[in-house]
Amino acid sequence: MEYENHDRSAEEQTAAENPTRREAIKFLIGGAMAAACPVPAALLAAAPAQTRVGSESNEICHKVRDGSTFKLPPPSAEYDVVIVGGGPSGLVAAHDLRDVNFLLLEKEPRLGGNAISEQWRGHWYSTGAAYNGDSHLEALCREIGMEIRTIDSIDAAIIHDQVVPEFWTGGYWKCAYSQNTKKSFEKFLKDMRAIDVEEQAEKLDAISFAEILKDYAPELKLYFDNYGPNNWGADVENTSAFVGVQSTRWMAGLETRRFTWSGGLGRISLALEDNINRAGAGRLRKGATVVRVEQKASRIQVSYLEEGQAVTVTAKAVVAACPKFIAKKIIAELDADHLEAMGKMRYQPYLVVNVCCREVVYNGSFDTDIPAPSLIVDFNVADWSEERHNQETRRPQVLTCYVPRPERERALFLSDDYCKQMGEKVVEQLEVWFPGARGKVEEVRIYRRGHAMFVSAPGVTTQLAPRIRKPFGNIFFAHSDAEGDITDFSSALQAGRRAAREAKNALGHAALRSSPVAAAMPAR
Ligand SMILES: Cc1cc2nc3c(=O)[nH]c(=O)nc-3n(C[C@H](O)[C@H](O)[C@H](O)COP(=O)(O)OP(=O)(O)OC[C@H]3O[C@@H](n4cnc5c(N)ncnc54)[C@H](O)[C@@H]3O)c2cc1C
């Protein structure tokens, strides 16, 4: 955990010694490209002594992408299942395979993928996934011992720089829209809910959400031009109408029961990790980047790089829980149909800007959505599930601001300056909405991902995903991008569960008998 060991007293001491430092806003860059683009020395010099810079590296994956070859040794160990990727879907697969002799390989030094929680001075915040409302996920959380914390709050919106509480349950009637626009919002919601989405799935998935929205007030398009990138990686032109229409059942707190924890759904990743380790330690390997997966006779060889060393192991089955833009590069001799379908998937880059404040800036709703053209599409109160009723305003607070960017800006993510500029704009914007906010900000922590969310474009759910998740020999495809619909923790759960089941079926009962872990486990 990059920021977890923040020593509060030491930092406060540093700040007390140097008040100008305390007043400075520090931009800490984490994420996919940070290793390649270190934080400028001047910035580090301004940061308090105890501050750590988080980073994630895709250096090896980029080498694979660019066609580098690696000298790979012969196999040195044998497993029943190897899981590639320790995001939510890989962790769920590992949880379901905990009685099997498996090995999970994760390229990062921590597990969780896009669902990772960090801390600032002991205050949790999310670098990605924030909340969910799926009853299956809730059941899994209970099973692994997590107490469910419900949100009980309808999203606010910010319209013309004014906070509008409970936007979709009547708030829009009170905002600065024209009467015609308000009526159009009402009609839209009614019309969308009259559509039988499941029955019309294929038809809807063949067109863009823009096609549907053209019959309504332009403010609806603006709303979804930001809500889409926030939740499924696409503006209305690039969103499947299936996804757009379906979202009107659950969006913005209309879902009956949403849950979260301080720091978001990364807390589930941590709890899963604990549970899996309790069932058998040493099977979740971090800092291990898979570079090749190759079917050979009755076994699959999986090669990975760990601390500069190449290692090869064999498995009877593989669960590929990494995204498909990587899977298609590391799986040898993948058939043309998989390659074509995977090649059509698109991924949106995303900045998550955590604004760490010494005082409360806003505590009116868990989540607040802002229509286009706002840079911040949404922000949430990181400790809402625990502190929403706390009236004290002189306490630290983190606002998690979501800043998805169009695919054409992906390369800009390589620049620290670009990310810092975005962080500065986020603070500027908060100051407009909440005058005085800037003066309360102590740090800005930016997490960047070049390929964060798959784009829920027309055809992804009904055409591409079914082709993508077809097994390739004994290689089974997890990752949420194999499910279609939208990427969220519940689609990751579904993907991980399915792939684990497929792997178990492929193993048959022989795997359980041969598993050293299973042999050591007490009978249930
Ligand atoms: C900004 C943001 C906000 C979000 N908000 C929400 C939300 O509020 N609610 C919600 O439910 N969902 C949300 N999501 C989506 C949610 O985070 C994802 O659906 C979930 O993380 C998907 O899990 P996954 O396992 O499918 O993939 P990922 O999270 O992408 O995990 C894939 C893992 O594979 C690893 N990997 C890749 N290549 C290799 C390799 N070669 N070798 C080894 N390991 C490899 C990666 O490092 C990563 O850990 C959000 C996502 C983002 C980016």
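Going by the structure above, here's the rest.
Our subject in this report is the structure included herewith. None of these values were measured; they are calculated from a predicted model.

About the thresholds
- Residues numbered from 1 in each chain as written.
- Predicted model: local features only at pLDDT ≥ 70, side-chain atom pairs only at ≥ 80, totals over all residues.
- Heavy atoms only, no water.
- Helix = DSSP H or I, 4+ residues; strand = E, 2+ residues; numbered from the N terminus.
- Expected span 1.5 Å × (residues − 1).
- Contact = heavy atoms within 4.5 Å.
- Axes fitted to C-alpha atoms, helices over the stretch in contact; angles between N-to-C directions.
- Parallel < 35°, antiparallel > 145°, perpendicular 65-115°, else oblique.
- Left-handed = near helix turned anticlockwise from the far one by under 90°.
- Nonpolar A, V, L, I, M, F, W, Y, C, P; charged D, E, K, R; others polar.
- 1 Å grid on protein atoms, 1.4 Å probe; cavity = no way out; pocket = protein on both sides within 12 Å on 5 of 7 lines; lining within 4 Å.
- Points joined across faces, edges and corners; volume = space filled by probe spheres on them.

**Overview of helix H8 (residues 179-194)**
- Relative to the 22 Å expected for 16 residues at 1.5 Å per residue, H8 spans 23 Å between its end C-alpha atoms, a close match to the ideal helical length.
- Buried residues belonging to H8 abut helix H7 (171-174), helix H10 (209-213), helix H11 (218-232) and helix H12 (241-247).

**Description of unusual backbone geometry**
- A cis amide bond, omega 10°, links Ala372 with the succeeding residue Pro373.
- For Pro373, the location among the structural elements is in the loop between strand E13 (367-369) and strand E14 (378-381).
- Phi is positive for Glu166, close to 40°, though the residue is something other than glycine.
- Mapped onto the elements of the fold, Glu166 is located in the loop between strand E7 (162-164) and H7.
- Phi at Glu333 takes a positive value of approximately 55°, unusual for a residue other than glycine.

**A word on the packing of helix H5 (residues 88-96) against helix H20 (residues 489-507)**
- Look at H5 against H20: their axes get within 7 Å of each other, and the N-to-C directions meet at 40°. In terms of their interaxial angle, H5 and H20 are classed as oblique. Where H5 crosses over H20, the two elements pack in a sense that is right-handed. Contacts between H5 and H20 involve Pro88, Ser89, Val92, Ala93 and Asp96 from the former and Phe489, Ala492, Leu493, Ala495, Gly496, Arg497, Ala500 and Lys504 from the latter.
- Taken together, the residues that form the contact of H5 with H20 break down as eight nonpolar, two polar and three charged.

**Some points on empty space enclosed by the protein**
- What the rule picks out here adds up to three cavities of 30 Å³ or more.
- Estimated volume of the second largest cavity: approximately 50 Å³.
- Looking at the second largest cavity, the residues that line it are Ser126, Ala130, Thr260, Trp261, Gly263, Gly264, Phe366, Asn380, Val381, Ala382 and Thr400.
- Across the lining of the second largest cavity, the residue classes break down as five nonpolar, six polar and no charged.

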